[in-house]
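Fold and geometry: a report
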Amino acid sequence: MSAETTPQTKGATTSAPATLTGRLRLIGPGIVLALASVGASDMITTMNSGAEYGLALIWVFTVGILLKFVLSEAVSRLQMSGDRSLLSHLTSFGGRLFPALFLIAELLVGLFFGAGVIAVTTNILQALFPVLPFWPTADVVLLSAAVLVGIGRYGLVEKAMIGFGIIMFFGILALAISVFQGQSAQEVAAETIAPTFPNGSIITVMSLIGGVGGATGILAYSYWIREKSWRDAQWKPVVRIDLFISYGLVFVFAVAMSAVGAFILYGQGFTIADNGSLFAIADSLVTRIGEPGRIIFLISFLAVVYTSVLGGFSGIAYVTADCIRVLRRFPHQDKPEFEMSAKSVEFRGAIVYLSVATLIIMGLGKPVTLVLIYAAISAFILPVLAIALLVILNRTSVPAALRNRRLSNVLLSVCFLLFGFLAVLQARESVMGLLG
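The structure presented is a predicted model; accordingly, all values stated were derived computationally and were not measured.

**Details of the overall build of the chain**
Helix and strand counts for the chain come out as 18 helices and 0 strands. Relative to its length of 436 residues, the chain is compact, with a C-alpha radius of gyration of 21 Å against a globular reference of 22 Å. If one aligns the C-alpha atoms of the chain with their principal axes, the spans along those axes are about 60 × 55 × 50 Å. Counting over 436 residues, the chain shows a buried share of 55%. Within the structure as shown, the chain displays about 17,500 Å² of accessible surface, and the carbon and sulfur contribution to it stands at 68%.

**Describing the nonpolar core**
Counting residues in each nonpolar core, the largest one holds 147 residues, and the members touching the most others are Phe297 and Phe301. Broken down by element, this core gets its largest block of residues, 18 residues, from helix 14 (residues 291-329). Every residue in contact with Phe297, bar those within four places of it in the chain, is listed here: Met43, Met47, Leu175, Leu278, Ile281, Ala282 and Leu285.

**Concerning the packing of aromatic side chains**
Inspection of every chain in the model, using the stated rule, returns 13 aromatic pairs. The interplanar angle of 50° and the centroid separation of 5.7 Å between the aromatic rings of Phe279 and Phe301 together place this pair among those described as tilted. Note that Phe279 is positioned in helix 13 (residues 275-289) and Phe301 in helix 14, a separation of 22 residues in sequence. Cluster of aromatic residues (ring-pair linked, three or more members): Phe93, Phe98 and Phe102.

**Description of the pattern of salt bridges**
Two side chains that carry opposite charge are able to pair once their charged atoms sit near each other. Per the counting criterion, the structure on display carries 12 salt bridges. Between Arg226 and Asp83 there is a salt bridge, with its nearest N and O atoms 3.6 Å apart. Here Asp83 lies in the loop between helix 4 (58-80) and helix 5 (86-90) and Arg226 lies in helix 11 (residues 215-227), a separation of 143 residues in the sequence. We classify Asp83 as partly exposed; its relative accessible area is 36%. Note that Lys228 and Glu158 form a salt bridge whose closest N and O atoms lie 3.5 Å from each other.

**Quick look at the confidence of the model for the chain**
In low-pLDDT regions, the fine details of the predicted coordinates are not to be read closely. Overall, the prediction assigns the chain a mean pLDDT of 88, with 94% of residues at 70 or greater. Looking over the chain, one finds the lowest element-wise mean pLDDT in helix 10 (residues 202-209), namely 71, and the highest in helix 7 (residues 134-150), namely 96. Low pLDDT (under 50) marks residues 1-13, which in the prediction has 44 contacts with non-local residues, meaning those over four places away or in another chain.

**As for the packing of helix 2 (residues 29-37) against helix 8 (residues 154-180)**
The interhelical angle for the contact between helix 2 and helix 8, taken along N-to-C directions, is 60°, at an axis separation of 9 Å. Here helix 2 lies oblique to helix 8, going by the angle between them. The chirality of how helix 2 crosses helix 8 is left-handed. Along the contact surface, helix 2 presents Pro29, Ile31, Val32, Leu35 and Ala36, while helix 8 presents Tyr154, Glu158, Met161, Ile162, Gly165 and Met168. For the contact of helix 2 with helix 8, a count of residues per class yields 9 nonpolar, 1 polar and 1 charged.

**A word on a nonpolar patch on the surface**
A surface patch of nonpolar side chains, amounting to about 360 Å² of accessible area, comprises Ile104, Leu370, Ile373, Ile377 and Leu434. For the nonpolar patch, the element with the highest residue contribution is helix 16 (residues 368-378), accounting for 3 residues. Tracing the chain through its elements places Ile377 in helix 16. The partly exposed category is assigned to Ile377, whose relative accessible area is 31%.

**Quick word on the side chain of Gln333**
Tracing the chain through its elements places Gln333 in the loop between helix 14 and helix 15 (345-364). Owing to a relative accessible area of 2%, Gln333 belongs among the buried residues under this scheme. Of note is the side chain of Gln333, whose polar atom sits 3.0 Å from the side chain of Ser88. Excluding its chain neighbours within four sequence positions, the residues that come into contact with Gln333 are Arg84, Ser88, Thr91, Arg325, Val326 and Phe338.

**Thoughts on the side chain of Ser300**
Looking at the secondary structure, you find Ser300 in helix 14. Among the polar contacts made by the side chain of Ser300, one reaches the main-chain carbonyl oxygen of Ile296 at a distance of 2.8 Å. In contact with Ser300, other than residues within four places in its own chain, are Met168, Gly171 and Ile172.

Cut-offs applied
Residues numbered from 1 in each chain as written. Predicted model: local features only at pLDDT ≥ 70, side-chain atom pairs only at ≥ 80, totals over all residues. Heavy atoms only, no water. Helix = DSSP H or I, 4+ residues; strand = E, 2+ residues; numbered from the N terminus. Rg over C-alpha atoms; globule rule 2.2 N^0.38 Å. Buried < 20%, exposed > 50% of the residue type's maximum accessible area, 1.4 Å probe, protein only. Areas by Shrake-Rupley, 256 points an atom, 1.4 Å probe, with all protein chains shown as cover. Core = buried A, V, L, I, M, F, W, Y, C linked by side-chain atoms within 4.5 Å. Contact = heavy atoms within 4.5 Å. Phe/Tyr/Trp six-rings, centres within 6.5 Å; stacked < 30°, edge-to-face > 60°. Salt bridge = Lys/Arg side-chain N within 4 Å of Asp/Glu carboxyl O. pLDDT = per-residue confidence, 0-100. Axes fitted to C-alpha atoms, helices over the stretch in contact; angles between N-to-C directions. Parallel < 35°, antiparallel > 145°, perpendicular 65-115°, else oblique. Left-handed = near helix turned anticlockwise from the far one by under 90°. Nonpolar A, V, L, I, M, F, W, Y, C, P; charged D, E, K, R; others polar. Patch = residues over 30% accessible without salt bridge, like charges linked within 9 Å, V, L, I, M, F, W, Y side chains within 5 Å. Polar contact = N/O pair within 3.5 Å; in protein donor to acceptor, adjacent residues only side chain to side chain.

Shown next, in the form of structure tokens:
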């Protein structure tokens, strides 16, 4: 699973393994994608679902995960259709338009992303080690992420995230199994296991479908597989296995967190409103399964949030840097001397931007107007990406093995319609917030 197991030569000069065992040895970007895509907000979403509906909405998360698998798989096919970056590919459909749009979105994402996740990571560490002061600890967490990603060695980030991912995976499984013990939990499982539709609300269902997994991670996946030199059609089976494992992990996370919410909170009318509520749940676990349950929850919580810090910094930096590179160099961005690199000035400049923005927003608070604009713009990333993939991947210039098939076109159309509808709802909510 290490990045070093794959040759890092430019271009697809090395043959992809033909056996399942050989392909499994190379997985890694998918795990990074999974860990980057889930964070504290996803814990709140899935646990609230369990608290209100028990296990009855697992099917909703499953649909959302499948649709994001479709988008990620299509992004990877576009990436492998030529030895150029994702944003460079997108210039074939609109010139500088997509790099400009995605740059605006990523700058806004980067403005607010770090402050939230760094603060939560620091709060978890303080819950585990109460003697730690907030600001020095936050500075260390931020510096560790900035240095680890800013070094420009993707393999190092991948190894670190896989290590934390193992902790997270076994932690949340152990927690879900622990809270399942007892007659009341088993009764909740039996009562709510049948799929249901929440209060007849299509908007609630669609919002939950879009709720687990992030847009930036889907874009960044193309850069992570490029770092592994998976650069043409022969790597498609490897990518699909990698993505299958990725979204399998996201599914396990969603089910386990829904189960924890269901077995602890179902029928109590309790809603997890913010990150502080998660700490209250950690404390409540002491009376239910003892102090080890609280520690397991906090360590799993820490792994979830810190991996989202690393994955988010890496993903935002790659996408932002490539947007800047393409906008500066277009239409000559594919010349060898302008190659996209994690050691480039643009990439490291993006890391500096993320770090400075994190400190400013943590110190001053989030400006409401910018938050509303950010929410509206970032909501359009997935539908815009879906329509671009529908157009580009149906062109005859794309190798036949990587072109869309009928099922891909149908599923990408569903992605466009669903995520487009959610984007319109978010834009409407943002406009009302600005006016009201």
